[in-house]
Structure formats: structure tokens, C-alpha cells
Amino acid sequence: MSVYNDILTELGNVKLIAVSKTKPIESIMTLYDEGQRMFGENKVKEMTEKYETLPKDIEWHLIGHLQTNKVKYIAPFVNMIHAVDSLKLLFEIEKQAAACRRTIKVLLQMHIAQEETKFGLDTKELIEILEYYTTNPDLLKHIRIVGLMGMATNTDNQEMVRREFKDLKNKFLYAKQSYLVGYTDFTELSMGMSSDYKMAVEVGSTMVRIGSLLFGSR
Ligand SMILES: *Cc1c(COP(=O)(O)O)cnc(C)c1O
């Protein structure tokens, strides 16, 4: 059994985003040949170059922080943008998706960690975006908000990681029940990486983003 198959077995119905940032085409193809189709990158230029070289049935997930001026490069092919953290970015994704006549799936990134450095929305900012999204459907026609994403604090303290994931899960349920009743495609909770994906799955992740465990350390 390969590490890849062990992880798949463990995940069951939870989706696996193979995070291939900094890794060469050959490493991606090895996993592709084992059946993996969802890959995650955190840099626009790197993802675009890999998209151009690799098979076209790969689903590309942009998992890192995205600057508005770079949306246009990935709008033609990106499947999901995991780290949307402002209305301004949402408007730009809408504009570029419309220009490509596509619908782009996005996740709103929540700030759940202790670390100040990590990006993400607080609850008030989340509500602001959800209110805009639900009251102006005509202005965001080419976007679908399909869930939330978050990163826990990088720590050995398992209880802390569990609390942060639970916090994110609660925010997801709150968004769904208070703002998105009837939005049947709001289903995804993107949480968990190599070091904490087991905990994330226990708490209710639907999508884990795993890099080093699959490809080796960077
Ligand atoms: C790099 C990265 C991952 C994967 O990290 P690993 O520890 O290698 O599994 C997951 N999510 C984001 C946002 C990342 O930038």
C-alpha cells in the first residue's frame, strides 16, 4: 500500500486536495497516474504553468492568499479558490469569471488561529459578505460560495487545534443556518493539512489539503 492509498482509505468520503506547491511535474504525474485529480497550489504563476503542461482533467485549487490583480490569470481554468477574504476580491473574481463565461467556486477563509500572521475573516466580516451575496445575487452570478476554509495554529497542542477546528465548524453551521438556507451547494469545510488532518476529519472536515505527507517535505 502506498502512503497515498493509506490516506485515501482513512479519508473515506472526505475529499483530498494534493498540495503540489514547489513540487515538479513528474511528482504530480506520479500521483495523477494513481488516480488523483484534485491538486492545490498557493502561487498563481506556478499553478498557471503547471496547468498549461499537465492533463486537462485536473481540477486546480488555489489554496493560498490571492491578490486581486492576479485573478485574471487563473480565471480561465481554476476550479476552486479556497482563501477569499474580502468583498473586493470576490468582485474581481466575479468580473474575471464573467469575462470567461465561467462560474468559479470559492470558499471564504476564516481566521481561526492564534497567529496574527494568518489571513482570514472574523465573524462580522463573514456576515457582511454573506449579506451581500444573498441580497445581490445578480451582481455575483459567476461565483458560488460553496463553504469555508481555515488553518489552525501550528502547534503540538492537540486540544487547541481541536478547538479551532470546532470553531470553524460552528461558523460554517451558523452561516448555513442563518444566511444560506436553501443554498444547497454550501457544503464544504476545507480544513486539515499533513500535521492535523486526522483531527480535522474527526471534527467534520469535508476537504483536506495535504502536501508534505504525499510529496515529501519542501
Ligand atoms: C502548503 C499548504 C498546505 C499543505 O501543507 P502540508 O503541511 O504540506 O500538508 C495546506 N494548506 C495551505 C493553505 C497551504 O499553503
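Residues numbered from 1 in each chain as written. Predicted model: local features only at pLDDT ≥ 70, side-chain atom pairs only at ≥ 80, totals over all residues. Heavy atoms only, no water.

This part covers the pairing of strand β2 (residues 38-41). Of the two faces of β2, the one lined by Met38 and Gly40 and the one lined by Phe39 and Glu41 are each fully buried. Across two bridges, the pairing between strand β1 (residues 15-19) and β2 is parallel. Across the sheet, residue Val19 finds its bridge partner in β2, namely Gly40. The parallel pair β1 and β2, bridged by helix α2 (residues 25-33), forms a crossover whose chirality is right-handed. Examined bridge by bridge, β2 and strand β3 (residues 59-62) share four bridges and lie parallel to one another. Paired with Glu41 across the bridge in β3 is Leu62. Remark: the β2/helix α3 (residues 44-53)/β3 crossover connection has right-handed handedness. (Buried < 20%, exposed > 50% of the residue type's maximum accessible area, 1.4 Å probe, protein only. Helix = DSSP H or I, 4+ residues; strand = E, 2+ residues; numbered from the N terminus. Pairing = 2+ DSSP bridges. Right-handed = clockwise from strand over helix to strand, strands pointing away.)

Our next topic: helix α1 (residues 3-11). Within α1, burial applies to Tyr4, Ile7 and Leu11. The arc that holds the buried residues of α1, viewed along the axis, is 65°, so those residues lie on one side. Looking at the packing, one finds that the buried side of α1 touches β1, α2, α8 (197-203), β8 (207-210) and α9 (212-215). Following α1 by one or two positions, Gly12 has its phi on the positive side, about 60°. (Arc of directions from axis to C-beta. Contact = heavy atoms within 4.5 Å.)

Around the ligand lies a shell formed by Val19, Lys21, Ile63, Met149, Met151, Met193, Ser194, Arg209, Ile210, Gly211, Ser212 and Arg218. One of the side-chain N or O atoms of Ser194 is found 2.5 Å from an oxygen atom in the ligand. The side chain of Arg218 places a nitrogen or oxygen atom 2.7 Å from an oxygen atom of the ligand. Starting from 390 Å² of accessible surface for the ligand in isolation, the protein chains cover 91%. Residue composition of the shell around the ligand, by class: six nonpolar, three polar and three charged. (Near = heavy atom within 4 Å. Polar contact = N/O pair within 3.5 Å; in protein donor to acceptor, adjacent residues only side chain to side chain. Areas by Shrake-Rupley, 256 points an atom, 1.4 Å probe, with all protein chains shown as cover. Nonpolar A, V, L, I, M, F, W, Y, C, P; charged D, E, K, R; others polar.)

With that out of the way, let us pick up the pairing of strand β4 (residues 80-84). Along β4, five of the five residues are buried, which leaves the element largely enclosed by surrounding structure. In this sheet, β4 lies alongside β3 in parallel orientation, the contact comprising two bridges. Bridge pairing links Leu62 to Ile81 in β4. Inspection of the sheet shows β4 paired to strand β5 (residues 104-110) by three bridges, in the parallel sense. The residue of β5 that forms the bridge with Ile81 is Val106. For the segment spanning β4, helix α5 (residues 87-99) and β5, crossover handedness is right-handed.

Attention shifts here to a negative patch on the surface. A surface patch of negative charge is lined by Asp122, Glu125, Glu128 and Glu131. Assignment of secondary structure puts Glu125 in helix α6 (residues 123-135). (Patch = residues over 30% accessible without salt bridge, like charges linked within 9 Å, V, L, I, M, F, W, Y side chains within 5 Å. Salt bridge = Lys/Arg side-chain N within 4 Å of Asp/Glu carboxyl O. Lys, Arg positive; Asp, Glu negative; His and termini not counted. Charge placed at Lys NZ, Arg CZ, Asp CG, Glu CD.)

Here the focus is the pattern of salt bridges. For the structure shown, the criterion picks out 10 salt bridges. The shortest N-O distance in the salt bridge between Glu10 and Lys198 comes to 3.3 Å. With Glu10 in helix α1 and Lys198 in helix α8, this pair connects stretches of sequence that are 188 residues apart. Linked by salt bridges that have partners in common, Glu41, Glu46 and Lys50 make up one network.

Spatial relationships are all this shows, so hold off on functional conclusions.
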